[in-house]
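Residue-level structural notes
Spelled out from the first residue to the last, the chains are:
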Amino acid sequence: MGSPVVLGIESSCDETGAGVVRGGRLLGHALASSMDEHARYGGVVPEIAARAHVQALRPVVREALDDAGLGFADVGAVAVTTGPGLAGALQVGLAGGKGLAYALGVPLYGVHHLAGHVAADTLAHGPLPDPCVVLIVSGGHTSLLLVRDLVRSPIAHLGDTLDDAAGECFDKVARVFGLPHPGGPAVDRAARTGNPRAVAFPRPLAGSPDHPYDFSFSGLKTAAARWAEGHAGRALPTADGAASLQEAVADVLTRKAVAACAEHGVGTLVVVGGVAANSRVRSLAEERCRAAGITLRVPPLRLCTDNGAMIAAVGDLLVRSGAEPAPLDLSVDPSAPL
Ligand code: KG4
Ligand code: ZN
């Protein structure tokens, strides 16, 4: 018999994603994005995102199944993101997932978006070791977690951001630097030709004994804005600013993540979420993990940013762990805690 084919649906922000996973293996996936529609507003507009999900959901699900060489009749379970995220956007995916599960007569599973980011890595590198330290860095979250069994045991928060998320810092500073939305990838691109030591941006909470594993990015964001303002009337050396900002973010993230592994005697660090796509976060994590004798796992780029495959991956873990399916009156939770 084996485990069933799980169809995963993601719609928490501006990406409509569907993925097909069975027994820990990614069989197919598809993604549509309303990113370009938000660009002129400088950030994600919730109503535009929700409307775009309505249009994209059916074709994206179809495309993911086609990619897997499967049809609706092959689907054995449906997993859908219930939060955290934009309420209207989440509702579109959940309604679609419920309708599909009901029509196909298969169980429905609600999935936490951040658990999805963590599970994304299993599709590339197999089951997570128990325990592992997970650095989750996205547009809305920045946390250091101690993970044992992702779907069975409680997740311990070693630290969190006290203010902005790392991705939010990239996005907001990019706007000040005149770079396009989304800011993270734009900063990454601009940084390629810049000097990471050009500007001495602060490393907030880097050596804080009270907050060894917490983060703070709002001061860094302000420092970058001040630096840009200081060039009023002159050309902004954007590449140097971008490289220096990226270096500061990558430095605090990886320093704390590696220290958390060392203190907890954990041999594996997993870095996930949209900011795990950042080239300097990846290379510095690699460098520091190698020096500390820690195994580093980072998903390939397309599995770092939001996608449906990661939601299917959690659904697959839930099914295989014998978890109870969700009732059909399952609702979204836009600020769901992990
Ligand atoms: O995980 P994700 O796709 O969505 C959320 O759950 O938030 O993360 C999106 C965030 C955005 O802030 C985006 O700017 C950032 O990830 N991001 C990056 C890069 N690619 C995406 N930040 C820095 N460098 C990148 N290459
Ligand atoms: Zn995300």
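These remarks concern the structure in this document. (Residues numbered from 1 in each chain as written. Chains lettered and ligands numbered in written order. Predicted model: local features only at pLDDT ≥ 70, side-chain atom pairs only at ≥ 80, totals over all residues.)

Counting 113 residues, the largest nonpolar core has A79, V118, V134, V187, L269 and A313 as the members making the most contacts within it. Counting residues per element, this core draws most heavily on helix α8 (residues 238-264), at 12 residues. Residues lining this core come from more than one domain, with at least three contributed by each of domain 1 (5-117 + 304-320) and domain 2 (129-300). Beyond its immediate stretch of four places on either side in the chain, V134 contacts V118, L145, V147, V270 and V272. (Core = buried A, V, L, I, M, F, W, Y, C linked by C-beta atoms within 7 Å. Buried ≥ 20, exposed ≤ 12 C-beta atoms within 10 Å, placed from the backbone. Helix = DSSP H or I, 4+ residues; strand = E, 2+ residues; numbered from the N terminus. Domains from an automatic or database assignment. Contact = placed C-beta atoms within 7 Å.)

All right, on to unusual backbone geometry then. Of the consecutive residues G83 and P84, the connecting peptide bond is found in the cis state with omega at -5 degrees. Note that P84 resides in the loop between β4 (75-83) and α3 (87-104). The residue after H181, namely P182, is reached through a cis peptide bond having omega -5 degrees. Its place among the elements puts P182 in the loop between α5 (166-176) and α6 (183-191). A positive phi angle, close to 60 degrees, is found at L205, a residue other than glycine.

Strand order in the open sheet made by the 5 strands is β8-β7-β6-β9-β10, with mixed pairing throughout. Among the strands making up the open sheet, the edge pair consists of β8 (156-160) and β10 (295-297). Direction aside, neighbouring strands of the sheet carry axes that sit 20 degrees apart on average. Where strand β6 (residues 132-137) meets strand β9 (residues 268-272), 4 bridges bridge the pair, whose relative direction is parallel. (Pairing = 2+ DSSP bridges. Axes fitted to C-alpha atoms, helices over the stretch in contact; angles between N-to-C directions.)

What follows deals with the environment of G17. Within the secondary structure layout, G17 lies in strand β2 (residues 15-22). Classification of G17 as buried rests on a count of 30 C-beta atoms within 10 Å. Note: C-alpha distance between G17 and S331 (314 residues apart in sequence) is 19 Å. Excluding residues that lie within four positions of it along the chain, G17 makes contacts with E10, L31, V60, D306, N307 and G308.

Next up on the list: the sheet that holds β4. An order of β3-β2-β1-β4-β5 is seen for the 5 strands of this open sheet, with the pairing classed as mixed. A single partner strand is all that each edge strand has here, and the edge strands are β3 (25-33) and β5 (108-112). Across the sheet, the axes of successive neighbouring strands diverge by a mean angle of 20 degrees, strand direction being ignored. Bridge count for β2 against β3 is 8 bridges, and the pairing is antiparallel. Bridge assignment links E15 to a residue of β3, and that residue is S33.

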